[in-house]
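What the coordinates show
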Amino acid sequence: MKKFYFLFFIVLLTTAVISGCSEKSSPATAGSDQNSEEQQTLKATISAPKSPAIFPSILLAEQQKDIELITWETADTLLAQIQKKQAQFIALPLNMGANLYAKGMPLQLIQVNTFGSMFLVSTDDKVQKLEDLAHQTIFVPSQGGPPDILTNYLIAQNNIPGVKLSFVNLSEIGQQLASGAIQHVVIPEPLLSIVQANLQTDLHIAINFEEVWQKQFSKQLPQTGIFVNKAWASSNQHAIKQFQALSEQAITDLYQQPDVSLPLLSDFFKSNEKIMESALTNSSLHFQTAQQARNETEAYFKILLEIAPDSIGDALPNEDFYYNE
């Protein structure tokens, strides 16, 4: 039944994107001639999940009066946004974007902005490395998602015996840790810093997936990128160029202007600045165009194709998946 629902979702989503977004001209360029194009203010909507990938967009929405930020948390929300043509730029986990692309959706990746930012944490101070988790139960959110896939992969690659993976909802992680029902869990930012700040017991990072990935493969671990509709992209190249430049600057500002960025992040996530400072520090955010990130993204996809091929639609995306400026 789940497989049927997912396929039905893909059909609807593909139809919505083909018939909707591709017909919509960018408000940044519609009606503009070439001479005035450079002076146009970018008018666009960004849709993103509440993950580190949204951090630079929070700044953009504050700094650029004609940029709006909306969020999505479920496939249904994302579908509704696309059907209503609500966003030109959509932040998606890379494997999700590849999966939808494989099903026929005309998506193109324009940038990768989030690397790693996922951690295995524990309330047991004896657990300091992967080998310490032998014969333990590790909890991961989202069965079949990157936390599940990558944790399984690292356990298998390092021959850690007797490890059992179980699943927990993101919204329940804090409560389960506090009650002692779980000890070891894979968790992303900014939820990690929020849970750490509110938990009475110590919660420490045992494994930083980005560090482990770099040590094992000498590459970064790309996680989330910005996608656009292919047809829209071909007729709105200037809007994409503007967005790329603004995004790169916003990521720089996140770290170099904390007096500006932390109050904005704190307000958005309804949290205090100390917590958001921790979340930002733990998040590996930097700007790469799709072409710049292609080698690392393909290396990541090849691993997924070996261990969980259905997570990227059973095939590596072809070169058309990567927007070429």
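It should be emphasised that the depicted structure is a prediction, and the values quoted were computed from it without experimental measurement.

Reading the values: rules and limits
Residues numbered from 1 in each chain as written. Predicted model: local features only at pLDDT ≥ 70, side-chain atom pairs only at ≥ 80, totals over all residues. Heavy atoms only, no water. 1 Å grid on protein atoms, 1.4 Å probe; cavity = no way out; pocket = protein on both sides within 12 Å on 5 of 7 lines; lining within 4 Å. Points joined across faces, edges and corners; volume = space filled by probe spheres on them. Helix = DSSP H or I, 4+ residues; strand = E, 2+ residues; numbered from the N terminus. Axes fitted to C-alpha atoms, helices over the stretch in contact; angles between N-to-C directions. Parallel < 35°, antiparallel > 145°, perpendicular 65-115°, else oblique. Contact = heavy atoms within 4.5 Å. Nonpolar A, V, L, I, M, F, W, Y, C, P; charged D, E, K, R; others polar. pLDDT = per-residue confidence, 0-100. Core = buried A, V, L, I, M, F, W, Y, C linked by side-chain atoms within 4.5 Å. Buried < 20%, exposed > 50% of the residue type's maximum accessible area, 1.4 Å probe, protein only. Pairing = 2+ DSSP bridges.

**Quick look at the layout of surface pockets**
Considering only enclosed or pocket space, the second largest pocket measures out at about 320 Å³ in volume. Along its surface, the second largest pocket is lined by 13 residues, and Lys-129, Leu-130, Ile-207, Val-212 and Lys-215 are the ones closest to its centre. Contributions of two or more residues to the lining of the second largest pocket are made by β9 (204-208) and α9 (209-217).

**A few points about the packing of helix α3 (residues 55-63) against helix α11 (residues 237-256)**
Where α3 contacts α11, the axes come no closer than 9 Å and their chain directions differ by 110 degrees. Taken together, α3 and α11 sit at an angle that is classed as roughly perpendicular. Listed contacts from α11 to Phe-55, Pro-56, Leu-59, Leu-60 and Gln-63 of α3 are Phe-243, Leu-246, Ser-247, Ala-250, Ile-251, Asp-253 and Leu-254. Residues that form the contact of α3 with α11 fall into these classes: nine nonpolar, two polar and one charged.

**Some thoughts on the confidence of the model for the protein chain**
Confidence along the protein chain averages 87 in pLDDT terms, with 88% of residues attaining 70 or more. Element-level mean pLDDT values for the protein chain span from 42 in helix α1 (residues 2-19) up to 97 in α11. Note that residues 1-37 has pLDDT below 50 and, in this model, 61 contacts with residues that lie over four places away or in other chains.

**Considering the nonpolar core**
Formed by 48 residues in total, the largest nonpolar core has its most connected members in Leu-92 and Phe-301. Beyond its immediate stretch of four places on either side in the chain, Leu-92 contacts Trp-72, Leu-78, Gly-97, Leu-100, Leu-107, Gln-223, Thr-224, Gly-225 and Phe-227. Within the second largest apolar cluster, 35 residues are counted, among which are Ala-44, Ile-67, Ile-110 and Phe-243.

**With respect to the environment of Lys-50**
Of note, Lys-50 is situated in the loop between β1 (44-48) and α3. Taking the relative accessible area as the measure of exposure, Lys-50 reaches 46% and is therefore partly exposed. Separated by 21 residues in the primary sequence, Lys-50 and Thr-71 have C-alpha atoms spaced 6.9 Å apart. Not counting chain neighbours up to four residues away, the residues in contact with Lys-50 comprise Thr-71, Trp-72, Glu-73, Pro-190, Phe-268 and Phe-269.

**Section: the pairing of strand β4 (residues 107-115)**
Burial analysis of β4 places nine of its nine residues in the buried class, which makes it a mostly covered element. Pairing of β4 with strand β10 (residues 222-229) involves seven bridges; the strand directions are antiparallel. In the strand pairing of β10, Val-112 is matched with Gly-225. By the bridge criterion, four bridges tie β4 to strand β11 (residues 284-289) in an arrangement that is antiparallel. Bridge pairing links Thr-114 to Leu-285 in β11.

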